[in-house]
Amino acid sequence: DVLNVPDEVERLSIQYSFPDWMVRRFLNQYGEETESLLKGLNKSARATLRVNLLKVSREECQKKLLEESIESEQTHYSPVGLITTKRFNRQASPAFKQGLYEFQDEGSQLISLLADAKPGQFVIDACAGGGGKTMHIVEIMKDSGKIIAIDIDAKRMEGLEIRKTRAHIRNIKLLTVDTINRNELTNKADLVLVDAPCSGVGRIRRSPDIKRHLTETIVDAYPQKQKEILLSNADFVKPRSRLVYATCSLFKTENEDVVHSFLSERNDFKLISPSERLQQLGIEPSNDGFVRLLPHRYPMDGFFIAVMERIN
């Protein structure tokens, strides 16, 4: 590949302050788009909020923020997001204390919107962590139905417990991987979201340190774990219901390759393109059914999303 010559790797690596190995991987995957991608990842991320529509409209939230001398503009793709013109201390914001909004990147908001949960459904968020997407899904479901948030470590979900209380949300049950009853969940969920642990390179705008600390060895250890998490949660999905896989990685090994490997083992699942929903949100669908939110194309963190359906 003419783009992958050592001189080009070295030039991009020096010019944009990225490690050689990362530039090489991006060149192999994104070719001529690599330089734009590196520029996009080097732009500083703006403060993005997700409005809690159960409590307030987006316009009303803007007014409340303005009363606190915080100016904002509406996000272009997410119908529930605001971007503030300056950073501010959320703990000093009355609107934040009232649970009117949370901090959440626009790309992260799009994952929940593409997962497309409906009021009254039963949803499992299999890697809930701090619970940003869990909260958004509950709001989409109008706090009806039931959502189970699962993580390896209860400590990681302490933030979700706080968020849940602040927003007066009832229908979230928190469990750890050790405390779930697999038999009770098998074939029960209308939606299972696997927002998998990953290298996080899509978040470099927000955490530039990733460039320094991440190694190829760390990246190469993720796909096996990611596939195991998908396989262990697939049985919870009801027939004709959805399994959504997402990462904030931009590496094919953690994204497309993991999904293809999973689908080769589980032929009761198929990839479906959320093209109609993407068009509603103003995002160009891809030809292969995968969703790639790349920071040089869209003003948000980088994410990968695959929507799958259980066939029988």
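Anything mentioned here points back to the structure above.
The rules we used
Residues numbered from 1 in each chain as written. Predicted model: local features only at pLDDT ≥ 70, side-chain atom pairs only at ≥ 80, totals over all residues. Heavy atoms only, no water. Helix = DSSP H or I, 4+ residues; strand = E, 2+ residues; numbered from the N terminus. Rg over C-alpha atoms; globule rule 2.2 N^0.38 Å. Buried < 20%, exposed > 50% of the residue type's maximum accessible area, 1.4 Å probe, protein only. Contact = heavy atoms within 4.5 Å. Areas by Shrake-Rupley, 256 points an atom, 1.4 Å probe, with all protein chains shown as cover. Lys, Arg positive; Asp, Glu negative; His and termini not counted. Charge placed at Lys NZ, Arg CZ, Asp CG, Glu CD. Axes fitted to C-alpha atoms, helices over the stretch in contact; angles between N-to-C directions. Parallel < 35°, antiparallel > 145°, perpendicular 65-115°, else oblique. Left-handed = near helix turned anticlockwise from the far one by under 90°. Nonpolar A, V, L, I, M, F, W, Y, C, P; charged D, E, K, R; others polar. Phe/Tyr/Trp six-rings, centres within 6.5 Å; stacked < 30°, edge-to-face > 60°. Polar contact = N/O pair within 3.5 Å; in protein donor to acceptor, adjacent residues only side chain to side chain. Pairing = 2+ DSSP bridges. Right-handed = clockwise from strand over helix to strand, strands pointing away. Salt bridge = Lys/Arg side-chain N within 4 Å of Asp/Glu carboxyl O.

Draft legend 1. Structural view of the overall build of the protein. In terms of helices and strands, the protein carries 13 helices and 12 strands. Taking 312 residues into account, the globule formula puts the C-alpha radius of gyration at 20 Å, and the protein, at 20 Å, falls close to it. On the principal axes, the C-alpha backbone points of the protein span a range of 55 × 55 × 35 Å. The 312 residues of the protein split such that 55% are buried. The long-range fraction of contacts in the protein, counting pairs at least 24 apart against all pairs at least 6 apart in sequence, stands at 72%. Summed over its atoms, the accessible surface of the protein is roughly 14,200 Å², and 48% of this surface lies on carbon and sulfur atoms. Taking the average location of the 45 positive side-chain charges in the protein and that of its 44 negative ones, the two points are 5 Å from each other.

Draft legend 2. Quick look at the packing of helix H7 (residues 132-140) against helix H8 (residues 158-166). For the pair H7 and H8, the least separation of the axes is 9 Å and the interaxial angle reads 30°. Classified by the interaxial angle, the pair formed by H7 and H8 is roughly parallel. For the pair H7 and H8, the sense of crossing is right-handed. Touching Gly 132, Thr 134 and Met 135 of H7 are Leu 160, Arg 163 and Lys 164, all from H8. Its residues placed into classes, the contact of H7 with H8 shows 2 nonpolar, 2 polar and 2 charged.

Draft legend 3. Expanded view of the packing of aromatic side chains. One pass over the structure, following the stated rule, counts 11 aromatic pairs. Aromatic side chains Trp 21 and Phe 251 sit 6.0 Å apart centroid to centroid with 40° between the ring planes, which places their arrangement in the tilted category. Of the two residues, Trp 21 is situated in helix H2 (residues 20-30) and Phe 251 in the loop between strand E9 (237-247) and helix H12 (256-265); the sequence distance between them amounts to 230 residues. Neither residue differs from the other here; Trp 21 and Phe 251 are each classed as buried. Plain terms: the ring middles of Phe 88 and Phe 103 are 5.5 Å apart, the flat faces sit at 40° to each other, and that makes the pair tilted. Taken together, the positions of Phe 88 in the loop between strand E3 (81-84) and helix H5 (94-97) and Phe 103 in strand E4 (residues 101-103) put the pair 15 residues apart, joining distant regions of the chain. Pair check on accessibility: Phe 88 and Phe 103 agree, each one buried. Cluster of aromatic residues (ring-pair linked, three or more members): Trp 21, Phe 26, Tyr 30 and Phe 251.

Draft legend 4. Geometry of the side chain of Ser 93. Within the secondary structure layout, Ser 93 lies in the loop between E3 and H5. Within polar-contact distance, the side chain of Ser 93 engages the side chain of Glu 68 at 2.7 Å.

Draft legend 5. The arrangement of the pairing of strand E5 (residues 122-125) in detail. Burial along E5 is two-sided: Phe 122 and Ile 124 facing one way and Val 123 and Asp 125 facing the other are all buried. Of the strand pairs in this sheet, E5 and strand E6 (residues 146-151) are connected by 4 bridges, and their pairing is parallel. Each residue of the ladder has a partner; that of Phe 122, found in E6, is Lys 146. Handedness of the β-α-β unit built from E5, H7 and E6 comes out right-handed. Direction of pairing for E5 relative to strand E8 (residues 189-195): parallel, over a ladder of 3 bridges. The residue bridging Val 123 from the neighbouring strand is Leu 191, located in E8.

Draft legend 6. Molecular detail of the sheet that holds E3. With antiparallel pairing, the 4 strands of this open sheet are ordered in space as E2-E3-E1-E4. Of all the strands in the sheet, the pair left with one neighbour each is strand E2 (72-74) and E4. Across the sheet, the axes of successive neighbouring strands diverge by a mean angle of 35°, strand direction being ignored. Across the sheet, helix H4 (residues 58-67) touches strand E1 (48-51), E2, E3 and E4, and the angle it forms with E2 is around 170°.

Draft legend 7. View of unusual backbone geometry. Residue Ser 17 is not a glycine yet carries a positive backbone phi of 55°. Residue Ser 17 is classed as exposed on the basis of its relative accessible area, which comes to 51%. One non-glycine residue, His 168, lies in positive phi territory at about 55°. Turning to its location among the elements, His 168 is positioned in the loop between H8 and strand E7 (172-176).

Draft legend 8. Local environment of the pattern of salt bridges. Here the structure, examined in full by the defined rule, presents 29 salt bridges. Residues Asp 220 and Arg 25 are paired through a salt bridge, measuring 3.0 Å at the closest nitrogen-oxygen approach. Here Asp 220, found in helix H11 (residues 216-234), pairs with Arg 25, found in helix H2; they are 195 residues apart in sequence, far enough to count as distant. For Arg 212, the salt bridge is made with Asp 209, and the minimal N-O distance between the two is 3.4 Å. In the salt-bridge network here, residues are joined through shared partners; they are Asp 105, Arg 205, Arg 206 and Asp 301.

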